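Remarks on the overall topology
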Amino acid sequence: SNWDGGVRCWEVQEQGGQIRAAPKAQVTHENNAPALDSAFSADGSTVFSVGADKAVRMWRLGESPPNNLAPQIGVHEAPAKAVGFLPASNLVVSGGWDRKLKFWDTRSPIPAGVLDMPERVYDLDVRGNLMAVATAARHTIPYNVGASQPQ
């Protein structure tokens, strides 16, 4: 994901001791708004991205969306800064500068859940049943996302 609004997937191969990367697929955010973060689904077949256009987007690899614009599955009230995939619940989680953490079932544009954060969300990461959220004002908030409700 990058500041020109593009989300690109590359194929990396080692050949004769040299590493080569070839672009394999690309989509964009609306009006080329910066794409600020991206994440893969558990099986690696789907890419999720968020950006300055406030959108949470989903793109299945191997498909070419109309106008090369990844379909929107959700939205924040301010730029969306971080995205992750929760394999235990099959939900996408996004954090934004609107001080919200939103959980998305990809079949619905209405969030499956919303958590208020103490400040703007700068980053998040998911590993197994643990999610860590970093916000402005140096807050770091851990969650157990393997439970029925994040705790």
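Whatever comes next refers back to the structure up there.
Please read all numbers here as calculations on a predicted model, not as lab measurements.

Looking at a nonpolar patch on the surface
Together, Trp10, Val12 and Ile19 line one region of the surface with nonpolar side chains, adding up to about 350 Å² of accessible area. Inspection of the secondary structure puts Trp10 in strand 1 (residues 6–15). The partly exposed category is assigned to Trp10, whose relative accessible area is 48%.

Let's talk about the pattern of salt bridges
According to the stated counting rule, one finds 10 salt bridges in the structure shown. We note a salt bridge from Arg99 to Glu119, for which the minimum N-O separation is 3.2 Å. In this pair, Arg99 sits in the loop between strand 8 (91–96) and strand 9 (100–104) while Glu119 sits in the loop between strand 10 (113–116) and strand 11 (121–127), placing the two residues 20 residues apart along the sequence. When the shortest N-O distance is used, the salt bridge between Asp116 and Lys100 registers 2.4 Å. Here Asp116 is found in strand 10, whereas its partner Lys100 is found in strand 9, with 16 residues between them in sequence. Judged by its relative accessible area of 57%, Asp116 falls in the exposed class. Taking relative accessible area as the criterion, Lys100 reaches 24% and is therefore assigned partly exposed.

Considering the side chain of Ser94
Mapping Ser94 onto the fold places it in strand 8. The class for Ser94 is buried, based on a relative accessible area of 0%. For Ser94, the residues in contact, after removing those within four places along its chain, are Val50, Val56, His76, Ala82, Val83, Lys100, Leu101, Lys102, Trp104 and Leu124.

Considerations on the environment of Phe40
Mapped onto the fold, Phe40 is located in strand 3 (residues 35–40). Accessibility expressed as a relative area gives 47% for Phe40, which makes it partly exposed. Beyond its immediate sequence surroundings of up to four residues, Phe40 is in contact with Cys9, Thr46, Val47, Phe48, Leu61 and Phe85.

Procedures and definitions
- Residues numbered from 1 in each chain as written.
- Predicted model: local features only at pLDDT ≥ 70, side-chain atom pairs only at ≥ 80, totals over all residues.
- Heavy atoms only, no water.
- Patch = residues over 30% accessible without salt bridge, like charges linked within 9 Å, V, L, I, M, F, W, Y side chains within 5 Å.
- Areas by Shrake-Rupley, 256 points an atom, 1.4 Å probe, with all protein chains shown as cover.
- Salt bridge = Lys/Arg side-chain N within 4 Å of Asp/Glu carboxyl O.
- Helix = DSSP H or I, 4+ residues; strand = E, 2+ residues; numbered from the N terminus.
- Buried < 20%, exposed > 50% of the residue type's maximum accessible area, 1.4 Å probe, protein only.
- Contact = heavy atoms within 4.5 Å.

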